[in-house]
Amino acid sequence: MRKIEVHEVIDDARFNHFHWLIMGLCALLLIFDGYDLFIYGVVLPVIMEEWGLTPLQAGALGSYALFGMMFGALLFGTLADRIGRKKGITICFLLFSAATVLNGFASSPTEFGIYRFLAGLGCGGLMPNVVALMNEYAPKKLRSTLVALMFSGYSLGGMCSAGLGILVLPRFGWEMMFFAAVVPLLLLPLILRYLPESVGFLVRQGRTDEARALLKRVQPDLDLGPDTVLEMTETSGRKNSVLDLFRDGRLVGTLSIWVAFFCCLLMVYALGSWLPKLMANAGYSLGSSLSFLLALNFGGMFGAILGGWLGDRFDLGKVVVAFFAVAVASISLLGIKTPMPVLYTLITIAGATVIGTQILLYAAAAQFYGLSIRSTGLGWASGIGRNGAIVGPLLGGALLGINLPLQLNFIAFAIPGVIAVLAMMLFVVAGKQQRAVTPAPLLAARA
């Protein structure tokens, strides 16, 4: 009888076509997720005019999906540790795609808000699960980079939303933006067929033959005979709970990452929901305002990839601290009248260090928590952070309602970044303390 530690096999594996498959499918899921999340900011100026909404009402309406995302992250992040990541991802994907299509049939703000809440449930549950799945299969030396590359699909979805809005809104109306979500539903069979289950979940369930087959795809030259026993640290202990997020020296790190998620998502959704409207109020055309949203998401994609690359070479937590500091500076400067090239550059940098940093936070949280509580840890961090996402559109609506100067609006959006810098500094210190007291086998499982 021969024993094999599954973590070591995955950590030391060479990047191959199986890793490409997982990353591609997860990125595809996040493209649709990002499209759905940024669609509200795209259609906001149109529906405000059509339904006669005040800025505060529009901000509240935008928060319905974010309430859903909060509950979805808490529910499906924890549930997937019990039913498997593949089932959790499939349920979330089906839910947000179907609800988004139904949004196109909404005839009132109330009906619109209900469908957005349902779509938010699916979106909120999808993110922590695809991050956990990618993190589990990625080779150790490429882990941050692969998670960031996968998550760049989220920004690409936002770019598709803004780009499609420029083409579709003037010709076909806002409803067609939501009807386009029927395309993801057509790809559901592809997801079901090719997306692998979590190998850790399979080992815990005693489905060793399936786990062996997946490990052979991770490392094709691995010798896995019928007498080989698969071992995974953290798979044989007691039943895990949310309280485990605070045990074994994780208290400060968990609270710090929650604060950082809250502040980061507040900035993401404040900018994503209100940037086009703020720029329209400043005198730019609707097309130009949507192109700013396009630049914001392009920056997010670039920032995630750059941050992931840096995170694999330096301390990921320190990279996040630096990104937050740059975000504060770039957002604060957006309200100053500058030439168009400078304005686009600032928006791109803001996207890189706000949307990109949100993606890096998922990678940091995934590396902080062990395998058996990874989806739970990601789900709760994302769920707590969704409170910031809820506050973001409301804050933007309130600021527009009191007619503040443009520069003060953007300074208000930047203040949470200062708090996030302090929180991530604590997270870096907490991570060092935890590594100092964690036994080597457990540390390898968390890496």
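To keep things clear, this report deals only with the structure shown in the data block. Computed from a prediction, not measured in an experiment: that's the story for all the values here.

A packed helix pair is summarised by two numbers, namely the angle formed by the two axes and the spacing between the axes. Between helix α2 (residues 17–51) and helix α4 (residues 85–103), whose axes approach to 11 Å, the crossing angle comes to 35°. Crossing of α2 against α4: the hand is left-handed. Of the residues in α4, those in contact with L29, F32, D33 and D36 of α2 are I89, F93, F96 and T100. Residues that form the contact of α2 with α4 fall into these classes: 5 nonpolar, 1 polar and 2 charged.

Only one face of strand β2 (residues 228–231) is covered, namely the face carrying T228 and L230; the face carrying V229 and E231 is uncovered. Pairing of strand β1 (residues 2–5) with β2, which is carried by 4 bridges, proceeds in the parallel orientation. Paired with E5 across the two strands is E231, which belongs to β2.

Given a rise of 1.5 Å per residue, 29 residues ought to cover 42 Å, and the 41 Å separating the end C-alpha atoms of helix α15 (residues 340–368) matches this to within 8%. At T357, α15 shows its largest bend, some 35°. With 21 of 29 residues buried, α15 is to be regarded as a mostly interior element.

Attention shifts here to the packing of aromatic side chains. What characterises a pair of aromatic rings is the spacing of the ring centres plus the angle enclosed by the ring planes. Evaluated as defined, the whole model comprises 19 aromatic pairs. On the numbers, 5.6 Å between centres and 90° between planes, the contact of F112 with F178 is edge-to-face. Taken together, the residues F112 in helix α5 (residues 109–137) and F178 in helix α7 (residues 175–179) connect sequence positions 66 residues apart. On the basis of relative accessible area, F178 is assigned to the buried category, the value being 0%. Among the aromatic residues, those joined into a cluster by ring pairs are Y40, W51, F112, W174 and F178.

Time to look at the pattern of salt bridges. The tally for this structure, following the rule as stated, stands at 4 salt bridges. A salt bridge links R207 to E210; the shortest N-O distance between them is 2.9 Å. Residue class for R207 comes out partly exposed when judged on its relative accessible area of 34%. With a relative accessible area of 40%, E210 lands in the partly exposed category. With a shortest N-O distance of 3.2 Å, R212 and D209 are connected by a salt bridge. Placement of both R212 and D209 in helix α11 (residues 208–218) is noted, with a separation of 3 residues, approximately one turn of the helix.

Quick look at the environment of G62 now. Of note, G62 is situated in helix α3 (residues 55–83). Judged by its relative accessible area of 8%, G62 falls in the buried class. Separated by 54 residues in sequence, G62 and R116 have C-alpha atoms that sit 8.2 Å apart.

Definitions and cut-offs
Residues numbered from 1 in each chain as written. Predicted model: local features only at pLDDT ≥ 70, side-chain atom pairs only at ≥ 80, totals over all residues. Heavy atoms only, no water. Axes fitted to C-alpha atoms, helices over the stretch in contact; angles between N-to-C directions. Helix = DSSP H or I, 4+ residues; strand = E, 2+ residues; numbered from the N terminus. Left-handed = near helix turned anticlockwise from the far one by under 90°. Contact = heavy atoms within 4.5 Å. Nonpolar A, V, L, I, M, F, W, Y, C, P; charged D, E, K, R; others polar. Buried < 20%, exposed > 50% of the residue type's maximum accessible area, 1.4 Å probe, protein only. Pairing = 2+ DSSP bridges. Expected span 1.5 Å × (residues − 1). Bend = angle between axes of the 7 residues up to and from the residue. Phe/Tyr/Trp six-rings, centres within 6.5 Å; stacked < 30°, edge-to-face > 60°. Salt bridge = Lys/Arg side-chain N within 4 Å of Asp/Glu carboxyl O.

That is the geometry; function is a separate question.
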